[in-house]
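Read off the chains here:
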Amino acid sequence: MRWDVVKMCRSLGLQAIEHIEQPGAVAVDPHSPEPMLYFFVPAGTLANWNVPDTTALNSTECTTHVVLPPGYREAPPGPYWLLSPSCGLTPIATLRRALEMTLHRPDTHPPIRIDTAAMRADAAQLIGDDAELPESTVLPQLVQRLRGHLMVLVPHAEDRMRSLARTAEPRLVAQATVGEARRRLDAVPDLTFISEIKHAQALARSVETLCRHAETPMPTVAQERSAPEVGVVQQ
């Protein structure tokens, strides 16, 4: 299968995915100052690509190259798949529309909605009072969902921190929580089932903690520029 690639920063890419019903394969390069996302699209469809804050990597240009992660890799170190190659390709018109919806928000900044109830439900499968060990065939999909939740919750927590004084206790607590979540995202478990379970439980604890953070109103300090608000959906 031939393909082209659209590259963008993680925060933009994650918001775009929210507007795509069935996104195709997406790879992550965690080595940049901000991790970059690579959306795989049908070959030959990027000739007129001009969406701001994105880069078209066209297979017809001999200078273009993309390092593909192994098909099984869904976590660092190194490049990995946020959405696996089995998801196929994202139609170019679908990706363009999702990015335009993300980039061209009205000035009123409608909230990005985070469904903490669904995130907590996934975490509860591993750390809830009635949690039972998932089967080995189910665990990889659950881990992938938890990682996806953290890739939404971590930037959200970082955005909220910017509205607080640098020495404010809630900001310091949030920084510690985000730092721990990032370390867990970067951790690579041993290739044993019990090690993978412990890693998944650690991810679940970070999801639970960041969901509580997202649901808790935080005191703010006056700023000349305020970040867009992020709405939280509790069911």
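Report on the accompanying structure. Note that the structure is a prediction, hence the values are computed from the model and not measured.

Count 3.6 residues to each turn of an α-helix, and residues three or four apart come out pointing the same way. The end-to-end C-alpha separation of helix H3 (residues 116–127) is 16 Å, in line with the 16 Å expected for 12 residues at 1.5 Å each. The complete set of buried residues in H3 reads Thr116, Met119, Asp122, Ala123 and Leu126. Across the axial projection of H3, the buried residues extend over an arc of 130 degrees, all falling on one side.

Direction vectors running N to C along helix H4 (residues 139–161) and helix H6 (residues 193–215) enclose 35 degrees, while the axes themselves pass 9 Å from each other. Considering only the axes of H4 and H6, their crossing is left-handed. Taking contact as the criterion, the partners of Leu139, Val143, Leu146, Arg147, His149, Leu150, Leu153, Val154, His156, Ala157 and Arg160 in H4 are, on H6, Phe193, Glu196, Ile197, Ala200, Leu203, Ala204, Ser206, Val207, Leu210, Cys211, His213 and Ala214. Residue composition of the contact of H4 with H6, grouped by class: 16 nonpolar, four polar and three charged.

Turning to the pairing of strand S1 (residues 3–9), a few remarks are in order. Pairing of S1 with strand S3 (residues 36–42), which is carried by seven bridges, proceeds in the antiparallel orientation. Paired with Met8 across the bridge in S3 is Leu37. Pairing of S1 with strand S4 (residues 54–57) involves four bridges; the strand directions are antiparallel. Note on S4: the bridge partner recorded for Lys7 is Thr55.

A few words on the sheet that holds S4. The strand order across the open sheet formed by five strands is S4-S1-S3-S2-S5, and the pairing between neighbours is antiparallel. Since the sheet does not close on itself, it has two edges, and those belong to S4 and strand S5 (80–83), each with one partner. Adjacent strand axes in the sheet meet at a mean angle of 30 degrees, parallel and antiparallel pairs treated alike. Of the strands in this sheet, S1, S3 and S4 touch helix H2 (residues 92–103), which is tilted by about 140 degrees from S3.

Before going further, it helps to examine the side chain of Ser195. Mapped onto the elements, Ser195 comes out in helix H6. The exposure class of Ser195 is buried, given its relative accessible area of 16%. Those residues in contact with Ser195 that sit more than four places away from it in its chain are Pro189 and Asp190.

Turning our eyes to something else, we now look at the environment of Leu103. Following the sequence through the fold, Leu103 ends up in helix H2. Separated by 88 residues in the primary sequence, Leu103 and Gln15 place their C-alpha atoms 9.4 Å from one another. When residues no more than four places from it in sequence are discounted, the contact partners of Leu103 are Leu12, Val51, Pro52 and Asp53.

Another aspect to go through is the pattern of salt bridges. Close approach of charged atoms lets side chains of opposite charge pair. Scanning the model with the defined rule gives six salt bridges in all. With its nearest N and O atoms 2.8 Å apart, the salt bridge here joins Arg182 to Glu158. Taken together, the positions of Arg182 in helix H5 (residues 169–186) and Glu158 in helix H4 put the pair 24 residues apart, joining distant regions of the chain. Overall, Arg182 belongs to the partly exposed group, its relative accessible area being 27%. Glu180 is paired through a salt bridge with Arg184; the nearest N and O atoms lie 3.3 Å apart.

Calculation notes
- Residues numbered from 1 in each chain as written.
- Predicted model: local features only at pLDDT ≥ 70, side-chain atom pairs only at ≥ 80, totals over all residues.
- Heavy atoms only, no water.
- Helix = DSSP H or I, 4+ residues; strand = E, 2+ residues; numbered from the N terminus.
- Expected span 1.5 Å × (residues − 1).
- Buried < 20%, exposed > 50% of the residue type's maximum accessible area, 1.4 Å probe, protein only.
- Arc of directions from axis to C-beta.
- Axes fitted to C-alpha atoms, helices over the stretch in contact; angles between N-to-C directions.
- Left-handed = near helix turned anticlockwise from the far one by under 90°.
- Contact = heavy atoms within 4.5 Å.
- Nonpolar A, V, L, I, M, F, W, Y, C, P; charged D, E, K, R; others polar.
- Pairing = 2+ DSSP bridges.
- Salt bridge = Lys/Arg side-chain N within 4 Å of Asp/Glu carboxyl O.

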